[in-house]
Amino acid sequence: MSRSLRSWPELWLERLLGRLPIGWLQLSHSRTRLYAALGGVSFASLLVLMQLGFHGALLGSVALPYRAMDAQLLISAADMNTLADASPLPRVRLLQAAAVPGVDQVSAVFLGRLDWRQPDGSVRALDVLGFDPSETPLHDVEIRRQQGLLNLADTVLMDARTRHIDAAPVLAAQPDATWLLELRARSLKVAGHFAIGGGFSADGYLLASDQTFLRLFPNRSSGAPNLGLVQLQAGADPAVVAALLRERFRDAGDVKVRSLDAVIAEDQRFQSTQRPIGLIFGFGIVIGLLVGVVIVYQVLSSDVADHLKEYATLKAIGYPQRFFLGIVFEEAVILGLLGFVPGLLIASGLYAVVAWKTGLPMAMNAPRAGAVLLGTVAMCALSGAIATRRLARANPAELF
């Protein structure tokens, strides 16, 4: 065949492989089978990318409220696994921590959740953080600028990224033009806003003074906050101070002292391995890979069966098994690379839609795309290796 009549993929592959691209020729010979195989690989890649995207959004949303905290160390009840289940701890532990060398300030933070009923009957779950406005447990510049307003009774700051609400009134809230929010039969004045964003368990956040928090949650006690945020003195070593705090509380046994990064990592690990939603995303990834392996195996197995006599002839005249493996792996890699691209493009679009509709921190990134690409190619190579087992056992004399 004249080189001018050959397709550019064939010429490019021939130059890359140093031989005739038999695998590509066999795949492209039956366009229907090729498109079906690419559709299957694309679907598997899309499924894995979406599951990884949801899992990444879960981990990202877990970290959001922690990242707003201005602390190097965090004191919590010993049974705390996630921010939502942080049990109250005695305030005296925070006073004891404040006396440890290297500690500059320990801020008490109260945590609670309220349901905000909408005019259409739907409910928005709001996580409420209460703290003393004279302290600085949160490092966001906007929050610090406005937190003095929380000294006023029944005044709150609201998360403008709260899911499925009209953000206009929140963004327009000002100290002299407050917006009233009805919660727990109380009228709260929304005097300002900030931005954190909702997650899988809550739709957004409210910030209140500790006194307003206790009025919203009358069953809670001022002597039992949920967290102690530890800010260190300049030059203090967090590991050394953490060790001193653990030694200070060794006999108490009712608190844990961890770095903020360690708390985030443990919360994310618990959400991924112990909560149903994290396990579901993990199973989704496995199922996506299995779907891809089965589809590609069926395609490559059928291709091997269709060309078994030709393979047997080449085998009879001395071509080694690795030659046939090379052909099948060539097909597998081509299917993996070409099938991944549509899956990536569709997943990127769906990421944007999901992030827009839900407010979850969901975006495609290069490490995730690269990992799925390698996984897709490996998945196709595994299918190819399984498909060549019949060829390896075949006796050329029995095929004619």
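Residues numbered from 1 in each chain as written. Predicted model: local features only at pLDDT ≥ 70, side-chain atom pairs only at ≥ 80, totals over all residues. Heavy atoms only, no water.

Help me understand the environment of Phe213 in this model?
One can find Phe213 in helix H7 (residues 210-216). Once the C-alpha coordinates of Phe213 and Ala243 are considered, the two residues, 30 residues apart in sequence, prove to be 32 Å apart. Excluding residues that lie within four positions of it along the chain, Phe213 makes contacts with Phe110, Leu111, Gly112, Val128, Gly130, Ala208 and Arg220. (Helix = DSSP H or I, 4+ residues; strand = E, 2+ residues; numbered from the N terminus. Contact = heavy atoms within 4.5 Å.)

Quick question: what am I supposed to make of the pairing of strand E6 (residues 186-194) here?
Two faces make up the sheet, and in a regular strand the side chains alternate between them. As defined by bridge partners, strand E4 (residues 155-159) adjoins E6 across five bridges and the pair is classed as parallel. Bridging across to E6, Met158 finds its partner in His193. Direction of pairing for strand E5 (residues 179-183) relative to E6: antiparallel, over a ladder of five bridges. Looking across to E6, one finds that Leu183 is bridged to Arg186. Where E5 folds back on E6, the antiparallel hairpin that results is connected by two residues, among which Arg184 adopts a positive phi of roughly 55 degrees. (Pairing = 2+ DSSP bridges.)

How should the sheet that holds E5 be read in this particular structure?
Across a sheet, paired strands are connected by hydrogen bonds in the backbone, their directions being either parallel or antiparallel. The strand order E5-E6-E4-E7-E3-E2-E8-E1-E9 describes an open sheet built from nine strands, whose pairing is mixed. What marks the edges here is a single partner per strand, and that holds for E5 and strand E9 (255-259). The mean angle between the axes of side-by-side strands here comes to 35 degrees, regardless of whether they run parallel or antiparallel. (Axes fitted to C-alpha atoms, helices over the stretch in contact; angles between N-to-C directions.)

I would appreciate a short explanation of the confidence of the model for the chain in the present structure.
A low pLDDT means the predicted coordinates there should not be read in detail. Within the chain, residue pLDDT values average 85, and 93% of them lie at 70 or more. Taken as a whole, residues 1-5 scores under 50 in pLDDT and shows three contacts with residues more than four places along the chain or in a different chain. (pLDDT = per-residue confidence, 0-100.)

Please clarify how the layout of surface pockets should be interpreted in this entry.
Think of a ball as big as a water molecule: rolled over the atoms, this probe shows where empty space is left. In this structure, the largest pocket encloses a volume near 460 Å³. Going through the elements one at a time, helix H3 (31-67), strand E2 (103-117), strand E3 (123-131) and helix H9 (260-273) are the ones with two or more residues in the lining of the largest pocket. At five residues, the largest contribution of residues to the lining of the largest pocket is made by H3. In terms of residue class, the lining of the largest pocket is made up of 14 nonpolar, eight polar and four charged. (1 Å grid on protein atoms, 1.4 Å probe; cavity = no way out; pocket = protein on both sides within 12 Å on 5 of 7 lines; lining within 4 Å. Points joined across faces, edges and corners; volume = space filled by probe spheres on them. Nonpolar A, V, L, I, M, F, W, Y, C, P; charged D, E, K, R; others polar.)

Just to check I follow, could you spell out unusual backbone geometry for this structure?
Leaving glycine out, the prevailing phi sign among residues is negative, and the prevailing peptide bond configuration is trans. Unlike most non-glycine residues, Asp154 shows phi in positive territory, near 55 degrees. With respect to the secondary-structure elements, Asp154 resides in the loop between helix H5 (141-146) and E4. A relative accessible area of 15% means that Asp154 is categorised as buried. With phi around 60 degrees, His164 is a residue other than glycine that occupies positive phi space. Mapped onto the elements of the fold, His164 is located in the loop between E4 and helix H6 (167-172). (Buried < 20%, exposed > 50% of the residue type's maximum accessible area, 1.4 Å probe, protein only.)

Would you explain the nonpolar core in this entry?
Of all hydrophobic cores here, the largest spans 29 residues; its most connected members are Tyr66, Met69, Leu74, Met80, Leu207 and Leu227. When contributions to this core are tallied by element, the ones reaching two or more residues are H3, E2, E3, strand E7 (204-209), strand E8 (227-232) and H9. Among the elements that take part in this core, H3 stands out by supplying four residues, more than any other. Residues contacting Leu74, with those up to four places away along its chain left out, are Tyr66, Met69, Met80, Leu227, Gly228, Leu229, Lys256, Val257, Arg258, Leu260 and Val263. Counting residues in each nonpolar core, the second largest holds 24 residues, with Val41, Leu308, Ala332 and Met379 among its members. (Core = buried A, V, L, I, M, F, W, Y, C linked by side-chain atoms within 4.5 Å.)

Which parts of the structure should I look at to understand the environment of Arg67?
Note that Arg67 resides in helix H3. According to the relative accessible area criterion, Arg67 is partly exposed, its value standing at 47%. C-alpha separation for the pair Arg67 and His139, spaced 72 residues apart in sequence, amounts to 8.8 Å. Not counting the four nearest positions on each side in its chain, Arg67 is found in contact with His139, Asp261 and Ile264.

Before we go on, may I ask you to explain the packing of helix H2 (residues 22-29) against helix H12 (residues 321-358) in this structure?
In the contact formed by H2 and H12, the axes pass within 8 Å of each other and the chain directions differ by 55 degrees. Classified by the angle between their axes, H2 and H12 sit oblique to one another. Between H2 and H12 the crossing geometry is right-handed. Taking contact as the criterion, the partners of Ile22, Gly23, Trp24, Gln26 and Leu27 in H2 are, on H12, Phe323, Ile327, Glu330, Glu331, Ile334, Leu335 and Leu338. Broken down by class, the residue content of the contact of H2 with H12 amounts to eight nonpolar, two polar and two charged. (Parallel < 35°, antiparallel > 145°, perpendicular 65-115°, else oblique. Left-handed = near helix turned anticlockwise from the far one by under 90°.)

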